[in-house]
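This is what each chain is made of:
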Amino acid sequence: MQPEFRSLTPADLDAMVVVEQAAHAHPWSRNLLADAFGERYFTGALWHKNELLGYFIADRVLDESTLMNICVSPAWQGRGLGRRLLEHYFTQCRALGLSLLWLEVRASNRAALALYASAGYQESGRRRNYYPALNGAEDAVLMQMAL
Ligand SMILES: CC(C)(COP(=O)(O)OP(=O)(O)OC[C@H]1O[C@@H](n2cnc3c(N)ncnc32)[C@H](O)[C@@H]1OP(=O)(O)O)[C@@H](O)C(=O)NCCC(=O)NCCS
């Protein structure tokens, strides 16, 4: 199985909603996903034939980028695709001249925190009780990396 990279288009919105709702405990709405096609955003996605396996959504402002969303369909997790998507994001950032990368992640999201740390992100701060959670709220971990 050799997944291929292809950027997302508005025609992929239905497939994005399916992956988003399966992958995330707190998924983005369809409207929020549709905003990913606005001017300040860019995307990348991994496909196997016509199946969307995972994607990322990022924004860009001056020479900075924030990774807004990255997810892999649960059936495809744990096979290196999240790491490949993140590396694809770095490649696109370099091509766009973006050198300071940011993200925010739930403090309980151990898989994502491990992925980001192993890719070179470092914690730069916390927003206390930022995200709604089952037991009230949980912290956002802010991470940054210089490319
Ligand atoms: C985070 C996510 C994108 C990782 O994708 P993936 O394809 O499963 O990850 P990979 O197989 O490429 O693994 C990359 C690294 O992530 C970490 N990781 C992945 N799954 C993990 C788990 N269950 N527990 C701990 N670390 C894990 C490891 O550091 C791993 O590196 P290693 O294999 O060398 O140990 C995926 O778990 C996901 O879609 N989660 C739901 C959505 C989400 O939380 N997104 C991030 C916040 S927006």
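Bear in mind the structure is a predicted one, so any value in this text is a computation, not a measurement.

Chemist: So what exactly am I meant to see when it comes to the environment of Trp28 here?
Modeler: Within the secondary structure, Trp28 is located in the loop between helix H1 (13-23) and helix H2 (30-34). Note: C-alpha distance between Trp28 and Asn69 (41 residues apart in sequence) is 9.0 Å. When sequence neighbours within four positions are dropped, the list of residues in contact with Trp28 reads Glu20, Leu33, Ile57, Met68 and Asn69.

Chemist: What should I look at first to understand the packing of aromatic side chains in this one?
Modeler: How two aromatic rings sit relative to each other is given by the distance of their centres and the angle of their planes. Tallied over the full model, the rule gives seven aromatic pairs. Relative to Tyr89, the ring of Phe42 has its centre 6.0 Å away and its plane inclined at 20 degrees; by these criteria the two rings are stacked. Taken as a pair, Phe42 in strand E2 (residues 41-48) and Tyr89 in helix H3 (residues 81-96) lie far apart in primary sequence, 47 residues in all. Here Phe42 and Tyr89 have matching classes, each one buried. When the centroid spacing of 5.9 Å and the interplanar angle of 45 degrees are considered together, the rings of Tyr89 and Phe90 count as tilted. With respect to burial, Tyr89 and Phe90 carry one shared label: buried. Connected via pairs of aromatic rings, a cluster forms that spans Phe42, Phe56, Tyr89, Phe90, Tyr116 and Tyr121. One residue, Arg6, lies across the ring of Trp47, its end atom 4.1 Å from the ring centre. Looking at Arg127, its charged tip hangs above the ring of Tyr130, at a distance of 5.4 Å from the centre.

Chemist: Can you walk me through the site of the ligand in this structure?
Modeler: Surveying the vicinity of the ligand reveals 18 residues, the closest of which are Ile70, Val72, Gly80, Arg83 and Asn109. In this structure, an oxygen atom belonging to the ligand sits 2.7 Å away from a side-chain N or O atom of Arg83. For the ligand, whose free accessible area comes to 920 Å², the fraction covered by protein is 67%. Here the element with the most residues in the shell around the ligand is helix H4 (residues 110-119); it accounts for five residues. Across the shell around the ligand, the residue classes tally to 10 nonpolar, six polar and two charged.

Chemist: Where do I start with the state of the cysteines in this structure?
Modeler: Cysteine pairs can be linked by a disulfide, which is a covalent bond between their two sulfur atoms. Tallied over the full model, the rule gives zero disulfides. Its sulfur unpaired, Cys71 is 17 Å from the next cysteine sulfur, which belongs to Cys93. Look at Cys71 and you get buried, because its relative accessible area is 4%. Residue class for Cys93 comes out buried when judged on its relative accessible area of 0%.

Chemist: Which parts of the structure should I look at to understand the pattern of salt bridges?
Modeler: Where side chains of opposite charge bring their charged atoms close, a pairing between them can arise. Across all of its chains, the model carries seven salt bridges by this definition. Arg126 is paired through a salt bridge with Asp139; the nearest N and O atoms lie 3.9 Å apart. Placement of Arg126 in strand E6 (residues 122-133) and of Asp139 in strand E7 (residues 136-146) is noted, with a sequence separation of 13 residues between them. Taking the relative accessible area as the measure of exposure, Asp139 reaches 14% and is therefore buried.

Chemist: Can you help me understand unusual backbone geometry in this one?
Modeler: Negative phi is the rule for most residues except glycine; trans is the rule for most peptide bonds. Positive phi values are uncommon outside glycine, yet Lys49 reaches one of about 55 degrees. Mapped onto the elements of the fold, Lys49 is located in the loop between E2 and strand E3 (51-61). Although it is not a glycine, Leu62 sits at a positive phi angle of roughly 50 degrees. Relative to the elements of secondary structure, Leu62 occurs in the loop between E3 and strand E4 (64-72). Accessibility expressed as a relative area gives 78% for Leu62, which makes it exposed.

Definitions and cut-offs
Residues numbered from 1 in each chain as written. Predicted model: local features only at pLDDT ≥ 70, side-chain atom pairs only at ≥ 80, totals over all residues. Heavy atoms only, no water. Helix = DSSP H or I, 4+ residues; strand = E, 2+ residues; numbered from the N terminus. Contact = heavy atoms within 4.5 Å. Phe/Tyr/Trp six-rings, centres within 6.5 Å; stacked < 30°, edge-to-face > 60°. Buried < 20%, exposed > 50% of the residue type's maximum accessible area, 1.4 Å probe, protein only. Lys NZ or Arg CZ within 6 Å of the ring centre and 35° of its normal. Near = heavy atom within 4 Å. Polar contact = N/O pair within 3.5 Å; in protein donor to acceptor, adjacent residues only side chain to side chain. Areas by Shrake-Rupley, 256 points an atom, 1.4 Å probe, with all protein chains shown as cover. Nonpolar A, V, L, I, M, F, W, Y, C, P; charged D, E, K, R; others polar. Disulfide = S-S within 2.5 Å. Salt bridge = Lys/Arg side-chain N within 4 Å of Asp/Glu carboxyl O.

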